[in-house]
Amino acid sequence: MIKRLAHICIGAADLERTEQFYVDLLGMEIAFEFMRGDERIGFYLKAGGTSFIEVFAERESLKDGRASLKHFCLEVEDIDALIAKLTAQGIDVSRKKLGADNAWQAWITDPNGLRIELMQYSEHSAQFTGEPVMLD
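Here the structure is a predicted model, which is why all the values come from computation and not from measurement. (Residues numbered from 1 in each chain as written. Predicted model: local features only at pLDDT ≥ 70, side-chain atom pairs only at ≥ 80, totals over all residues. Heavy atoms only, no water.)

S.K.: Any chance you could explain the overall build of the chain here in plain terms?
M.R.: Counting secondary structure elements, the chain contains three helices and nine strands. Across the chain, helices and strands are ordered from the amino to the carboxyl terminus as β-α-β-β-β-β-α-β-β-β-α-β. Against the compact-globule benchmark of 14 Å for 136 residues, the chain has a radius of gyration of 15 Å, which places it among compact chains. Dimensions along the principal axes, computed over C-alpha positions, put the chain at roughly 45 × 35 × 30 Å. When the 136 residues of the chain are sorted by exposure, 40% land in the buried category. In the chain, 54% of the contacts between residues at least 6 apart in sequence involve partners at least 24 apart. For the chain, the accessible surface area stands at approximately 8200 Å², while carbon and sulfur atoms represent 49% of it. (Helix = DSSP H or I, 4+ residues; strand = E, 2+ residues; numbered from the N terminus. Rg over C-alpha atoms; globule rule 2.2 N^0.38 Å. Buried < 20%, exposed > 50% of the residue type's maximum accessible area, 1.4 Å probe, protein only. Contact = heavy atoms within 4.5 Å. Areas by Shrake-Rupley, 256 points an atom, 1.4 Å probe, with all protein chains shown as cover.)

Here you go:
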């Protein structure tokens, strides 16, 4: 049921330095940006095919000066079927919702407390259109 790792999400103390590192030094491309009003609060980096690195400004100070892994995301074939399967096994799954990026998502937590996003893209997902994603 899992197709591939869709993205990882990291916190960044300095978005500009983070962009410079990944784009200028590693040669990656920005797929789209996350905006809150006129403020850029994050961006998606292309990591090959439909895999990405999601970067958000870290509001809290970083532990030991290191970035935090906020969650990882798995692209799924059929989010409704997977939610039903997990729920039947007693796994607590959030309600499915259409994210600001126009992809369907639900959330679970692994036994170690790591959050996992389950994502099913739509034809209008920002990952394909490149349109900015406006957040509240």
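S.K.: How do you make sense of the packing of aromatic side chains when you look at a structure like this?
M.R.: Any pair of aromatic rings gets described here by the distance separating the centres and the angle formed by the planes. Per the stated rule, a full pass over the model turns up seven aromatic pairs. Ring centres of F34 and Y44 lie 5.9 Å apart, and the angle between their planes is 70°; on these two criteria the pair is classed as edge-to-face. Separated by 10 residues along the polypeptide, F34 in strand 2 (residues 30–36) and Y44 in strand 3 (residues 39–46) bring together distant segments of the chain. Residue classification places F34 among the buried residues on the basis of a relative accessible area of 4%. Residue classification places Y44 among the buried positions, given a relative accessible area of 0%. (Phe/Tyr/Trp six-rings, centres within 6.5 Å; stacked < 30°, edge-to-face > 60°.)

S.K.: So what exactly am I meant to see when it comes to helix 1 (residues 15–25) here?
M.R.: Side chains that are three or four residues apart share a direction in an α-helix, a result of its 3.6 residues per turn. When helix 1 is considered as a whole, its buried residues turn out to be L15, T18 and Y22. All buried residues of helix 1 fall inside an arc of 70° around its axis, so they share one side. When the buried face of helix 1 is taken as reference, the exposed residues oriented beyond 90 degrees from it are E16, R17, D24 and L25. Where helix 1 begins, one side-chain oxygen reaches toward the backbone nitrogen of E16, 3.0 Å away; that side chain belongs to D14. Where helix 1 terminates, the next one or two residues include G27, which has phi positive at roughly 80°. (Arc of directions from axis to C-beta. Polar contact = N/O pair within 3.5 Å; in protein donor to acceptor, adjacent residues only side chain to side chain.)

S.K.: What exactly am I supposed to notice about the state of the cysteines here?
M.R.: A covalent bond bridging the sulfur atoms of two cysteines is what the word disulfide describes. Summed over all chains, the structure comprises zero disulfides. You can see C9 has no disulfide; the closest cysteine sulfur is in C73, sitting 9.8 Å from it. The class for C9 is buried, based on a relative accessible area of 1%. (Disulfide = S-S within 2.5 Å.)

Geometry only, nothing functional implied.
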